[in-house]
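# Architecture and fold: a report
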Amino acid sequence: MKTLLYYPGCSLKRDYPEAERAGIAVLEALGYRVVELRDWYCCGGYPGSTSLDHVKYVSSIRTLSKAIQQKRETEGDTIVTLCPFCYNTLKQAEKLYSTKPDIYRRVVEYLKDEVEPYRGGLRVAHFVEVLYESRSDLSKLARRRLSGLKVAVYYGCMLLRPRAVALDNPDKPVLVESILRELGAEPVDYPLKSYCCGSFHSILEPSIVARNTGKIARAIVDSGASIVVTPCPLCLSNLRKYTDLRAMHLSELIAHALGVLELPLRALQG
Amino acid sequence: MSQAPLRRYITIFFNGEAYSVPHGLTIMKALEYAGFRFTRGSGCRGGFCGACPVVYRLPGDYKIRVGLACQTPVEDGMYISLIPYVPLVEYVPRREELKPDAGYVLKLYPEISRCVSCNACSKACPQGLSPMDAIQAILRGDLRKAAELTFDCIACGLCSLRCPAEIRHPAVFRLVGRIVGVYYMPRSRSVEQRVKEIESGRFNNAFAKLLSMDPGSLRKIYDEYLKTGRLPGDLEV
């Protein structure tokens, strides 16, 4: 059984425990052993929105260094996370030694008396990647087909930008749609799948979030979808707060289809 | 034949001046030996009250070190600065206002979201705690973990001084400790029971008697109690 080192991230851990439970249940149903990292810290996504260029890598590199120790015990060489922000930050930190060697050296030098320097050896993956790799198993495992369910996939930014860590074409992503098709759903096409929801502006400039989510919501309603799924807890929070869309985390819909978790999914009955 | 004294003297630097002090003393004792008198920044002298945080450097080492003046032995060439007081403006909400929610902690102390996990706080903790892990636990909503990690905090404030995000760790931890105490810890039945007994007036007579006694008679009762473990009949309840 393949082991996945699981990195939860603050947002999901604090605000969406149901999405976390669903995600873990799905991974276990697919045959993975999911082990939460013993020591993990804020990925840096939050301080990363500030301009402190070096410091924002400190916590990610520390997390990777500590994960390497755990890798030796558990044989898991992949860190998986349900949050696109965490994915993005950890993935960039994982590549730091080759992309920005000067910053890498300084961060490692700073962390030297705490942890051994991270020198590669881990793969950082988002939940979506793992699902995509196991998509043929998904249709076999599905206990409730999502037949005829018109679902809009809202990607947000962090899985698709910048190019170096993008999982799919940022202008026309199809990754999640192909996963949902395996479960019988009918993903709809609409133009703003990766248009920014407004992100952390929800704190200081909520009007930006209201405007952006409004545009996204109109596009989704026009597409004829009955629900929207997103892989991102921040997008989910903004969509729920500023629109009337029936939105859920991707992990919840998949868990529902696999029948591994009973969730109060009003959206699917309505 | 007279014996040579075994005492070895070393040099320490305090406020920029050199002082020759005996080897083997704590920083606090060494400074007192040098003629200083502690009117602030000294408390239990047992390493637990947190009143005497100290920062110092050793010759030939860039590292800034921390400790408690009453616990840290002096070393030759030590550069010492005492931190008798750290300004921690603290919120002390009433018990009923406390909420078991990280969002509530963030509302009172929004600066904790500026934690970049540099870990300078943990390196500065003379108790060997991990304030950074506790702050990170709060950010992910795990108040119980944060309270558990900081139970031994003595509120010396060194972490707060070293923090680039200007977090008031001891104040935050005290708030979290109270929240966890109110919402997560089992209630102490024996305390409730005793409060009821006090309110019912069970101890009123005995207390009235004690309060009316002169110090001599109190002393006698006390000594008798230490010897026999018993109180005079009319004080038993």
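For the structure itself, consult the block above.
Residues numbered from 1 in each chain as written. Chains lettered and ligands numbered in written order. Predicted model: local features only at pLDDT ≥ 70, side-chain atom pairs only at ≥ 80, totals over all residues. Heavy atoms only, no water.

### A few points about the sheet that holds strand β2 (residues 17-22) of chain B
Residue and element names in this part refer to chain B. Spatially, β2-β1-β5-β3-β4 is the arrangement adopted by the five strands of the open sheet, whose pairing is mixed. Either end of the sheet is taken by a strand with one partner, and the two such strands are β2 and β4 (65-68). Taken over all neighbouring pairs, the strand axes of this sheet differ in orientation by 35 degrees on average, direction set aside. As judged from the four bridges shared by strand β3 (residues 53-57) and β4, these two strands associate in the antiparallel manner. Looking across to β4, one finds that Val54 is bridged to Gly67. (Pairing = 2+ DSSP bridges. Helix = DSSP H or I, 4+ residues; strand = E, 2+ residues; numbered from the N terminus. Axes fitted to C-alpha atoms, helices over the stretch in contact; angles between N-to-C directions.)

### Structural notes on unusual backbone geometry
Note the cis peptide between Arg161 of chain A and Pro162 of chain A, where omega equals -10 degrees. By secondary structure assignment, the location of Pro162 of chain A is in the loop between β5 (150-153) and α9 (175-182). Phi angles above zero are rare outside glycine, and Asn15 of chain B is one such case at about 50 degrees. Inspection of the secondary structure assignment puts Asn15 of chain B in the loop between β1 (9-14) and β2. In this structure Asn15 of chain B comes out as exposed when scored by relative accessible area, which is 62%. Here Ser117 of chain B, not a glycine, exhibits a phi torsion of approximately 50 degrees, which is positive. The topology assignment puts Ser117 of chain B in the loop between α2 (102-108) and α3 (120-124). (Buried < 20%, exposed > 50% of the residue type's maximum accessible area, 1.4 Å probe, protein only.)

### Notes on the pattern of salt bridges
Residue and element names in this part refer to chain A. Using the criterion set out here, one finds 30 salt bridges over all chains in the structure. Of the charged contacts, one joins Glu36 and Lys13 as a salt bridge, the two residues approaching to 3.0 Å between their closest N and O atoms. Remark: Lys13 occurs in helix α1 (residues 10-15) and Glu36 occurs in strand β2 (residues 33-36); sequence separation between them is 23 residues. Under the relative-accessibility criterion, Glu36 is labelled partly exposed at 33%. Residue Lys13 is classed as partly exposed on the basis of its relative accessible area, which comes to 25%. (Salt bridge = Lys/Arg side-chain N within 4 Å of Asp/Glu carboxyl O.)

### As for the sheet that holds strand β4 (residues 123-126) of chain A
Strand pairing in a sheet takes place through backbone hydrogen bonds and is either antiparallel or parallel in direction. All names here are of chain A. Spatially, the four strands line up as an open sheet ordered β2-β1-β3-β4, and their pairing is parallel. Either end of the sheet is taken by a strand with one partner, and the two such strands are β2 and β4. Direction aside, the axes of adjacent strands within the sheet are offset by 35 degrees on average. The pairing of strand β1 (residues 3-6) with strand β3 (residues 78-81) spans three bridges and is parallel. Across the sheet, the residue bridging to Leu5 is Ile79, located in β3. Where helix α3 (residues 58-74) meets the sheet, it contacts β1, β2, β3 and β4, and its direction lies at approximately 155 degrees from that of β1. (Contact = heavy atoms within 4.5 Å.)

### Digging into the nonpolar core
If you look at the biggest cluster of nonpolar residues, it comprises 96 residues, and the most contacted ones within it are Ile79, Leu131, Leu180, Val229, Leu250, Leu253 and Ile254 of chain A. The element that contributes the greatest number of residues to this core is helix α13 (residues 250-258) of chain A, accounting for six residues. By size, the runner-up hydrophobic cluster in this structure holds 29 residues, among which are Tyr104, Val172, Phe173 and Val180 of chain B. (Core = buried A, V, L, I, M, F, W, Y, C linked by side-chain atoms within 4.5 Å.)

### Points about α9 of chain A
Along α9 of chain A, the residues classified as buried are Leu175, Val176, Glu177, Ile179 and Leu180 of chain A. Looking at the buried side of α9 of chain A, the elements it contacts are α7 (127-133), α8 (135-141), β5, β6 (186-187), β7 (227-230) and α13 of chain A.

### Some points on the state of the cysteines
If you walk through the whole model with that rule in mind, you get zero disulfides over all chains. Cysteine Cys232 of chain A remains unbridged, with the sulfur of Cys235 of chain A as its closest cysteine sulfur at 3.6 Å. Cys232 of chain A gets classed as buried once you look at its relative accessible area, which sits at 4%. In this structure Cys52 of chain B is not part of a disulfide, and its nearest cysteine sulfur, from Cys70 of chain B, lies 3.8 Å away. (Disulfide = S-S within 2.5 Å.)

### With respect to the packing of aromatic side chains
Under the defined criterion, the tally for this structure stands at eight aromatic pairs over all chains. In textbook terms, an aromatic cluster arises when at least three aromatic residues are bridged by ring pairs, as seen for Phe14, Tyr19 and Phe36 of chain B. Here Arg135 of chain A stacks its cationic end above the ring of Tyr132 of chain A, 4.0 Å away from the centre of that ring. (Phe/Tyr/Trp six-rings, centres within 6.5 Å; stacked < 30°, edge-to-face > 60°. Lys NZ or Arg CZ within 6 Å of the ring centre and 35° of its normal.)

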